[in-house]
Amino acid sequence: GSFIHPALGMNFRVTDLQCAVGLAQMEKFNKILELKSKNFAIYKTLLSGNSNIKFMRELDYCNYVPFRCSIRVRNHERLNQYLVEKGIQSRNYFYPVHKQPCFAEFGYKNDDFPITNQISNDGLMLPVYPGLPTKDIEYICDKILQFYS
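So, here is what we can say about the structure in this document. (Residues numbered from 1 in each chain as written. Predicted model: local features only at pLDDT ≥ 70, side-chain atom pairs only at ≥ 80, totals over all residues. Heavy atoms only, no water.)

**Brief notes about the nonpolar core**
Within soluble globular proteins, side chains that are nonpolar generally end up buried alongside one another. So the rule is basically this: We define the nonpolar core as a collection of buried residues of types Ala, Val, Leu, Ile, Met, Phe, Trp, Tyr and Cys that are connected through side-chain atoms lying within 4.5 Å of one another. Residue burial is assigned from relative accessible area. The probe radius is 1.4 Å, only protein chains are included, and a residue is buried under 20% of its type maximum, exposed over 50%, and partly exposed in between. Secondary structure is summarised from DSSP: a helix means a run of H or I of at least four residues, a strand means a run of E of at least two, and numbering begins at the N terminus for each. In what follows, residue pairs with any heavy atoms lying within 4.5 Å of each other are defined as contacts.
Residues Y43, L79, L126 and I144 are the most contacted members of the largest nonpolar core, which totals 23 residues. Contributions of two or more residues to this core are made by helix 2 (29-47), strand 1 (53-55), strand 2 (69-73), helix 3 (76-85), strand 4 (123-126) and helix 5 (134-148). Residue contributions to this core peak at 6 residues, all from helix 5. For I144, the contacting residues outside a window of four places in its chain are L47, I53, L79, L83 and L126.

What follows is the structure in structure tokens.
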């Protein structure tokens, strides 16, 4: 669950079962996209008015598919702990590539990537899965807003 990789490795083979699941998901893609986008929009509507919370900018020329609801927040670690106490699971943003142990030999310096570091430190991802009830999103947003009040 940490997404920290001590060694570089790749395995691009997929099993027949994974292919079958992937094909079935592709048939449902438009509905999945619709539901995830609706859930993401609810988060944006409920949280956008708080200056402690920032959403990624969606560019007009891109097709955005929300993997999760990615936000940048102040007091990221305290908020994450608060959400856990309220029964809400969230995730940190992915660990920066330049900090991955498998890339240590390249000599990347932490100061070379200040924006990546800041985003990694401030990032929190909330669920948007297609079956997520609106009342759960409202509960999550309510707890986040309570944290910042």
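Alright, that's what it looks like, and here's the rest.
**A short note on the environment of I88**
Note on placement: I88 falls in the loop between helix 3 and strand 3 (91-92). Classification of I88 by relative accessible area gives buried; the value is 5%. Taking the C-alpha atoms as reference points, I88 and Y139, 51 residues apart in sequence, are found 9.1 Å from one another. In contact with I88, not counting residues within four places along its chain, are L83, Y139, I140 and K143.

**Focus: the pattern of salt bridges**
We count it as follows: By definition, a salt bridge exists where a carboxyl oxygen of Asp or Glu is found within 4 Å of a side-chain nitrogen of Lys or Arg.
Summed over all chains, the structure comprises 5 salt bridges. Two residues, E58 and K44, come together in a salt bridge whose shortest N-O distance is 3.1 Å. You can see E58 sitting in the loop between strand 1 and strand 2 and its partner K44 sitting in helix 2, a full 14 residues away along the chain. One salt bridge in this structure joins K143 and D142, with 3.9 Å as the shortest N-O distance.

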